[in-house]
Structure formats: C-alpha cells, structure tokens
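Understanding the architecture of this molecule
Single-letter residue listing:
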Amino acid sequence: MFKKLELIIKNNNLEKENNKIKEENQKNREDISDLELQKVHCKLVAQYTIAKLLDLEQIDRSGISEESKRKRRNIIINELRKENINIINELSNKFGKNR
C-alpha cells in the first residue's frame, strides 16, 4: 500500500518536473526563433548600409557641383540614419520584452 502511494507521489513529482521542462523548452524555442529573426534584420541592415555607401562613392565620382554632392550625401546619410533608427526601434519593441 505504501509502495503504491510512494510511486504515485514520485509520479506526480516527475510530471511537475516534466511540465517545467516543457515550458522551458518552449521559451528556448521562442528565443531561437527571435534570434533567427534578429539575424535576418542584421543582415538586411548591413546590405542596405553597403548599398548606401556605394551610392556615396558614386556621388564623389559624379561630375556635379560640390554643393549638389553635399546635398546628395546628406540625403543618403539621413536615409541611413532613419532606416537604422526604425530597425533599432522595431527590434527593441519586438525583442526587448524577453524573459
């Protein structure tokens, strides 16, 4: 009789432990998914930045006036700044609420 009771108690404890592990695994899966998405965002930011840097190089090679070059550079820099701020905000909002 006592052996059955002991087994029941042990089984209940194991079930509780199993449920905790399942919850932790689910959180880990969510974290992995979030990290994968962050990796994609980082790659896009890098690609976008490289493209804009190439645009800046092209401006220097163009035959337009220095004033026009300055204006174009400022436009590109402002676009880069705005895009990066938007991505930082998005990542902060989306992933800043982790455990």
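This one's a predicted model, so the numbers in the text were calculated from it and none came from an experiment.

Definitions and limits used
Residues numbered from 1 in each chain as written. Predicted model: local features only at pLDDT ≥ 70, side-chain atom pairs only at ≥ 80, totals over all residues. Heavy atoms only, no water. Helix = DSSP H or I, 4+ residues; strand = E, 2+ residues; numbered from the N terminus. Expected span 1.5 Å × (residues − 1). Buried < 20%, exposed > 50% of the residue type's maximum accessible area, 1.4 Å probe, protein only. Contact = heavy atoms within 4.5 Å. Salt bridge = Lys/Arg side-chain N within 4 Å of Asp/Glu carboxyl O.

**Things to note about helix 1 (residues 2-61)**
With 60 residues, helix 1 extends 88 Å from end C-alpha to end C-alpha; this agrees with the ideal 88 Å at 1.5 Å per step. Here helix 1 has its buried residues at His41, Val45, Lys52, Leu56 and Ile59.

**Observations concerning the side chain of His41**
If you trace the backbone, His41 turns up in helix 1. Judged by relative accessible area, His41 falls into the buried class, the value being 12%. Once residues within four sequence positions are removed from consideration, His41 is found in contact with Ile87, Glu90 and Leu91.

**With respect to the pattern of salt bridges**
Tallied over the full model, the rule gives seven salt bridges. Between Lys39 and Glu36 there is a salt bridge, with its nearest N and O atoms 3.5 Å apart. With Lys39 and Glu36 both in helix 1 and three residues apart, the pair spans about one turn of that helix. For Lys39, a relative accessible area of 53% corresponds to the exposed category. On the basis of relative accessibility, which here comes to 41%, the residue Glu36 falls in the partly exposed class. The partner of Glu66 in a salt bridge is Lys69, and the shortest N-O contact between them spans 3.4 Å. Pair noted here: Glu66 and Lys69 are both in helix 2 (residues 66-95), with a separation of three residues, about one helical turn.

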